[in-house]
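Reading the structure
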Amino acid sequence: MDFLIYLFWPNPGVSTYSETTVVAMLLFCVTLLVGAFLLKLWRYRLQNAVTKKLTRTWSSAFFWFAFVGLLLIVSRVEGIQFLGMRFWSVLWGLLLALYIFLQLRQFRARHYQILPTMKREDPREKYLPKKK
């Protein structure tokens, strides 16, 4: 019962921007935000159509996870009730882990690479009968 109170308490306490967990979460969310833009550039330069199709949601998902994470961190530090609950941070982390797990699983299952075929030049080909 104490664990549920710990998770769902609407105003969990005072945090500051100088705490190591807050700084680590801010760096993680900023890294996700920068990663979203880098993934967009990487995907733009891709030549493989299968990889391009499988990675189409990655940049937008990283952007929204970073945005929501930054919102949760700021609301926790600033003391905004109900948005600063620990439950939202735990739910955010679980959803991020689930998204990454499902995307990796889908990528492994559906990714393939089309190998170029080399056409052999057979010298006997011109002497063999052709269809009319």
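Residues numbered from 1 in each chain as written. Predicted model: local features only at pLDDT ≥ 70, side-chain atom pairs only at ≥ 80, totals over all residues. Heavy atoms only, no water.

Some remarks on the side chain of Ser 75
Assignment of secondary structure puts Ser 75 in helix α4 (residues 58–78). A distance of 2.8 Å separates the side chain of Ser 75 from the backbone oxygen of Leu 71, its partner in a polar contact. For Ser 75, the residues in contact, after removing those within four places along its chain, are Ile 80, Leu 83 and Gly 84. (Helix = DSSP H or I, 4+ residues; strand = E, 2+ residues; numbered from the N terminus. Polar contact = N/O pair within 3.5 Å; in protein donor to acceptor, adjacent residues only side chain to side chain. Contact = heavy atoms within 4.5 Å.)

A few points about the side chain of Thr 51
Positionally, Thr 51 belongs in helix α3 (residues 49–54). One polar contact links Thr 51 to Asn 48, side chain to side chain, over a distance of 3.2 Å.

Digging into unusual backbone geometry
The phi torsion at Phe 82 lies on the positive side, around 70°, for a residue other than glycine. With respect to the helices, strands and loops of the structure, Phe 82 is situated in the loop between α4 and α5 (86–110).

Quick notes on the pattern of salt bridges
Evaluated as defined, the whole model comprises one salt bridge. Here Asp 122 ties to Arg 124 by a salt bridge, and the two come within 3.4 Å at their closest N and O atoms. A residue is classified by how much of its surface remains accessible, and Asp 122, at 32% relative accessible area, is partly exposed. Residue classification places Arg 124 among the exposed residues on the basis of a relative accessible area of 57%. (Salt bridge = Lys/Arg side-chain N within 4 Å of Asp/Glu carboxyl O. Buried < 20%, exposed > 50% of the residue type's maximum accessible area, 1.4 Å probe, protein only.)

Examining the environment of Ser 59
Take Ser 59: it is sitting in helix α4. Its relative accessible area of 10% is what places Ser 59 among the buried residues. Taking the C-alpha atoms as reference points, Ser 59 and Gly 35, 24 residues apart in sequence, are found 7.5 Å from one another. Residue contacts for Ser 59: discarding those within four places in its chain leaves Ala 36, Leu 39 and Lys 40.

What about the environment of Thr 16?
Within the secondary structure, Thr 16 is located in the loop between α1 (2–8) and α2 (20–44). Residue Thr 16 is classed as partly exposed on the basis of its relative accessible area, which comes to 37%. Residues Thr 16 and Glu 78 lie 62 residues apart in sequence; the distance between their C-alpha atoms is 8.2 Å. Beyond its immediate chain neighbours, meaning those up to four positions away, Thr 16 contacts Val 22 and Val 77. A polar atom in the side chain of Thr 16 sits 3.2 Å from the side chain of Ser 18.

Structural notes on the nonpolar core
Leu 32, Phe 62, Phe 65, Trp 92, Leu 96 and Tyr 99 are the most contacted members of the largest nonpolar core, which totals 16 residues. Elements represented by at least two residues in this core include exactly α2, α4 and α5. No other element matches the eight residues that α4 contributes to this core. Once residues lying within four places of it in the same chain are set aside, the contact partners of Leu 96 are Phe 28, Leu 32 and Phe 65. (Core = buried A, V, L, I, M, F, W, Y, C linked by side-chain atoms within 4.5 Å.)

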